[in-house]
Number of protein chains: 2
Amino acid sequence: MRDAIGRPDRANRGGTAISVSDAGEFGLIARIVARLGGDRADGVLIGPGDDAAVVAAPDARVVVTTDLVVEGRHFRRDWSSAYDVGRRAAARSLADVCAMGARPTAIVVGLAAPPDLPLEWADGLADGLRDECASVGASVVGGDVSAADHVTLAVTALGDLGGRDPIRRAGARPGDVVVVAGRLGHAAAGLALLAAGHADDALAAAHRRPSVAYAAAWRLAEAGATAMVDVSDGLVADLGHVAAASGVGIELATDDLPLPAELVEAGLALGVDPLGWVAGGGDDHAFAATMPGDAALRAVTLLADLPEPVPFAQVGRVIDGAGVTFVDAPPPGAGGHDHFRA
Amino acid sequence: MRDAIGRPDRANRGGTAISVSDAGEFGLIARIVARLGGDRADGVLIGPGDDAAVVAAPDARVVVTTDLVVEGRHFRRDWSSAYDVGRRAAARSLADVCAMGARPTAIVVGLAAPPDLPLEWADGLADGLRDECASVGASVVGGDVSAADHVTLAVTALGDLGGRDPIRRAGARPGDVVVVAGRLGHAAAGLALLAAGHADDALAAAHRRPSVAYAAAWRLAEAGATAMVDVSDGLVADLGHVAAASGVGIELATDDLPLPAELVEAGLALGVDPLGWVAGGGDDHAFAATMPGDAALRAVTLLADLPEPVPFAQVGRVIDGAGVTFVDAPPPGAGGHDHFRA
């Protein structure tokens, strides 16, 4: 009887798809937990099914971050598969943990869903959450479900620092260089292509499911990053957070921003300047860091050791001052996105 | 530009209330963080404002749980103040941590909100989250905001076991007694009164803001609880989880269920059997535990030491078998609530 405000009528559907309301709250939970599999990482001491999970925190400090992913704001069910939504939702939080220089250990997930959501959509979501976690050595250890009008996901990720100092936003020092590891602008270009009806473009996949170079964050930390952030609001906006937290200015060069051929082609196809995606697009979860010049050289070497090549660029430098400025013509749309402003 | 699917138009409002869209995403975050105050607990190593927070986990294990609170499902803005919604949302997760026998250390909060939500509603919410955390020695250490059609809160709580074994649902043994510490049925009665237009009844406050006896959970653990759960789905439903996890049966006596005078009065006023609220109502977050009879006597002594008296009752016993049964006539509505079923 609890929470019995405004209960939805069970949906009348023409089709035969089994919905989450057919399964019921506990049926849905059991189904999701079954898909998560028993092969959780060693550090999961108590997994799903109790009042709370218990996860090893060998460092005696735990890194924690939470992110929301809302249908109609962050994804559309007709543009992204449930599996991709799951991978992307997990990636957002896992990338934040890595941006502190930590290793993700576990996530917990809140899923609010319409009662007529097909049960197989929830299956795909669980698979995506599980696989993205597994790609970085973490596990899904718990969650909660509720009815709602739209799918809303809340993913909280935990991580372990392994005895290292966390890399904060506040450590940038004048004289440091600004580097980026990972892709910039691909997800934003993919979203623009989807909106224009180009659902089959390879860049559309970058919107649906980012390919996050988690290990690059650990290499940047190891190289000696003084500040680090994952690019989720857009490069210029996120470096603005670093500048503000560190009490410094950051000077970028538009000419130094990486502009791969596929973004140029997408820009030509859509008639827009692709540098706007590179400077203002989030959701690729590249890692931007500041560090002394010799550390940046070390970073190049360390990144070269990774099994998959990771794009790396030096895009600017830390100066006395405030905010993010450009030494040349600033790219368009560099301000990033505000969730509450149209 | 990220997440730029379906951006809402900025609301046209007749009144002069400042909304969250007026403040913008980063203005809203700054406003909330300012209200959380700097007086965070000692264990908060990095609070809000970075990619992730860092919290002490001295036990080298961390307890983690997440819960959703959805407008129109768990609360109505015309029935509950923002402050009460904040306290209640925090309480749900904090109680889960305590039900493992752990001490809450921190929460992170995802807030999805309509762009026209008054900014002062967000203020009240932040105050409520902060104060409920402070009541149990925890802090709000981070969060995320997004636009959405309805207010949705996702609260993830962390806790520390302090070297003790977690109290699971799976430890109940035949011969144990079943005890409950805390109130049962008050929130459910309050919701029924609100739905019937009795907004001023004292029980309505129990729906708006539960008064959770967190310390009672620690005393039950200390006394020797073999299994413990916080009553969030309803006593019978939650004891059903304990029975299933432990591979035992639980035998209750309706005659032993606590039935305070105010619930009897509310039942008379509404023409319903108040035992339904006691057996099936969640949201008061009482703690139900199983333990040997001598441990239950210890629990009585330990609970008597608490500064505030906590209702305590022995309601049944653990038997060989399966499921929850009654030795006498079962109360109505004992099945609890399913979020996806009307």
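All values reported here derive from a predicted model rather than from experimental measurement.

**Describing the nonpolar core**
For step 1, the next point in the chain: Of all hydrophobic cores here, the largest spans 238 residues; its most connected members are A:Val64, A:Leu220, A:Met228, B:Val64, B:Leu220 and B:Met228.
For step 2, the next point in the chain: Residues within four places of B:Leu220 in sequence aside, it is in contact with B:Ala181, B:Ala225, B:Met228, B:Phe287, B:Ala289 and B:Ala299.

**Some points on the domain arrangement of chain A**
Residues and elements named next belong to chain A.
For step 1, the next point in the chain: You can read the domains of chain A as domain 1 (28-160) and domain 2 (177-326).
For step 2, the next point in the chain: When each unit is reduced to the centre of its C-alpha atoms, the spacing between domain 1 and domain 2 is 25 Å.
For step 3, the next point in the chain: On the side of domain 2, 15 residues touch domain 1, which itself brings 14 residues to the contact.
For step 4, the next point in the chain: Residue classes in the side of domain 1 that touches domain 2 are distributed as seven nonpolar, two polar and five charged.

**Some thoughts on the packing of helix α6 (residues 214-223) of chain B against helix α10 (residues 293-304) of chain B**
Residues and elements named next belong to chain B.
For step 1, the next point in the chain: α10 packs onto α6 with a crossing angle of 145 degrees between their chain directions and a minimal axis gap of 8 Å. Regarding α6 and α10, the two cross each other, and that crossing is right-handed. Two secondary-structure elements touch here, α6 through Ala 216, Arg 219, Leu 220, Glu 222 and Ala 223 and α10 through Ala 295, Arg 298, Ala 299, Leu 302 and Leu 303.
For step 2, the next point in the chain: Its residues placed into classes, the contact of α6 with α10 shows seven nonpolar, no polar and three charged.

**Things to note about the relation of the copies chain B and chain A**
For step 1, the next point in the chain: Superposition record for chain B on chain A: RMSD 0.0 Å, screw rotation 180 degrees, translation along axis 0.0 Å. Accordingly, the operation relating the two chain copies is best matched by a two-fold axis. For chain B, the smallest separation between a C-alpha atom and the rotation axis is recorded for B:Ala60, amounting to 2.3 Å.
For step 2, the next point in the chain: Most of the interface of chain B is mirrored in chain A, where 99% of its interface residues are also at the interface.

**A few points about the environment of B:Asp78**
For step 1, the next point in the chain: Its place among the elements puts B:Asp78 in the loop between β3 (61-70) and α2 (82-99).
For step 2, the next point in the chain: Looking at B:Asp78, the number of C-beta atoms within 10 Å reads 7, which means it is exposed.

**Looking at the pairing of strand β11 (residues 312-319) of chain A**
Side-chain positions along a regular strand alternate between the two faces of the sheet.
All names here are of chain A.
For step 1, the next point in the chain: Sheet analysis places strand β7 (residues 177-181) next to β11, joined by five bridges and oriented antiparallel. Within β11, the position partnered with Ala 181 by the bridge is Phe 312.
For step 2, the next point in the chain: Direction of pairing for strand β9 (residues 249-252) relative to β11: antiparallel, over a ladder of four bridges. Opposite Glu 251, over in β11, you have Arg 317 as the bridge partner.

**Some details on the pairing of strand β5 (residues 139-147) of chain A**
For step 1, the next point in the chain: Within β5(A), nine of the nine residues are buried, which leaves the element mostly enclosed by the surrounding structure.
For step 2, the next point in the chain: With helix α3 (residues 119-134) of chain A bridging strand β4 (residues 103-113) of chain A and the parallel β5(A), this β-α-β connection has right-handed handedness.

**Focus on the interface of chain B and chain A**
For step 1, the next point in the chain: Chain B puts 87 residues into the contact, and the matching count from chain A is 86 residues.
For step 2, the next point in the chain: Among the elements that line the side of chain B that touches chain A, the one with the most residues is β3(B), at nine residues.
For step 3, the next point in the chain: For the side of chain B that touches chain A, the residue count by class is 43 nonpolar, 22 polar and 22 charged.
For step 4, the next point in the chain: The pairing of strand β3 (residues 61-70) of chain A with strand β2 (residues 53-56) of chain B spans four bridges and is antiparallel. The residue of β2(B) that forms the bridge with A:Val64 is B:Ala53.

**Looking at the sheet that holds β3(A)**
For step 1, the next point in the chain: As summarised here, the arrangement of the six strands in space is β5(A)-β4(A)-β6(A)-β3(A)-β2(B)-β1(B), forming an open sheet in which the pairing is mixed. The open sheet has two edge strands with one neighbour each: β5 of chain A together with β1 (44-46) of chain B. Direction aside, the axes of adjacent strands within the sheet are offset by 25 degrees on average.

**Some words on the packing of helix α1 (residues 20-36) of chain A against α3(A)**
Residue and element names in this part refer to chain A.
For step 1, the next point in the chain: Between α1 and α3, the shortest axis-to-axis distance is 10 Å and the interhelical angle comes to 25 degrees. Comparing their axes, α3 and α1 come out roughly parallel. Crossing geometry of α1 relative to α3 is assigned as right-handed. Within the contact between the two elements, α1 uses Val 20, Asp 22, Ala 23, Leu 28, Arg 31, Ile 32, Arg 35 and Leu 36 and α3 uses Leu 119, Ala 122, Asp 123, Ala 126, Asp 127 and Arg 130.
For step 2, the next point in the chain: In terms of residue class, the contact of α1 with α3 is built from eight nonpolar, no polar and six charged.

Scoring rules and cut-offs
- Residues numbered from 1 in each chain as written.
- Chains lettered and ligands numbered in written order.
- Predicted model: local features only at pLDDT ≥ 70, side-chain atom pairs only at ≥ 80, totals over all residues.
- Core = buried A, V, L, I, M, F, W, Y, C linked by C-beta atoms within 7 Å.
- Buried ≥ 20, exposed ≤ 12 C-beta atoms within 10 Å, placed from the backbone.
- Contact = placed C-beta atoms within 7 Å.
- Domains from an automatic or database assignment.
- Nonpolar A, V, L, I, M, F, W, Y, C, P; charged D, E, K, R; others polar.
- Axes fitted to C-alpha atoms, helices over the stretch in contact; angles between N-to-C directions.
- Helix = DSSP H or I, 4+ residues; strand = E, 2+ residues; numbered from the N terminus.
- Left-handed = near helix turned anticlockwise from the far one by under 90°.
- Least-squares fit on C-alpha atoms with pLDDT ≥ 70 in both.
- Pairing = 2+ DSSP bridges.
- Right-handed = clockwise from strand over helix to strand, strands pointing away.
- Parallel < 35°, antiparallel > 145°, perpendicular 65-115°, else oblique.

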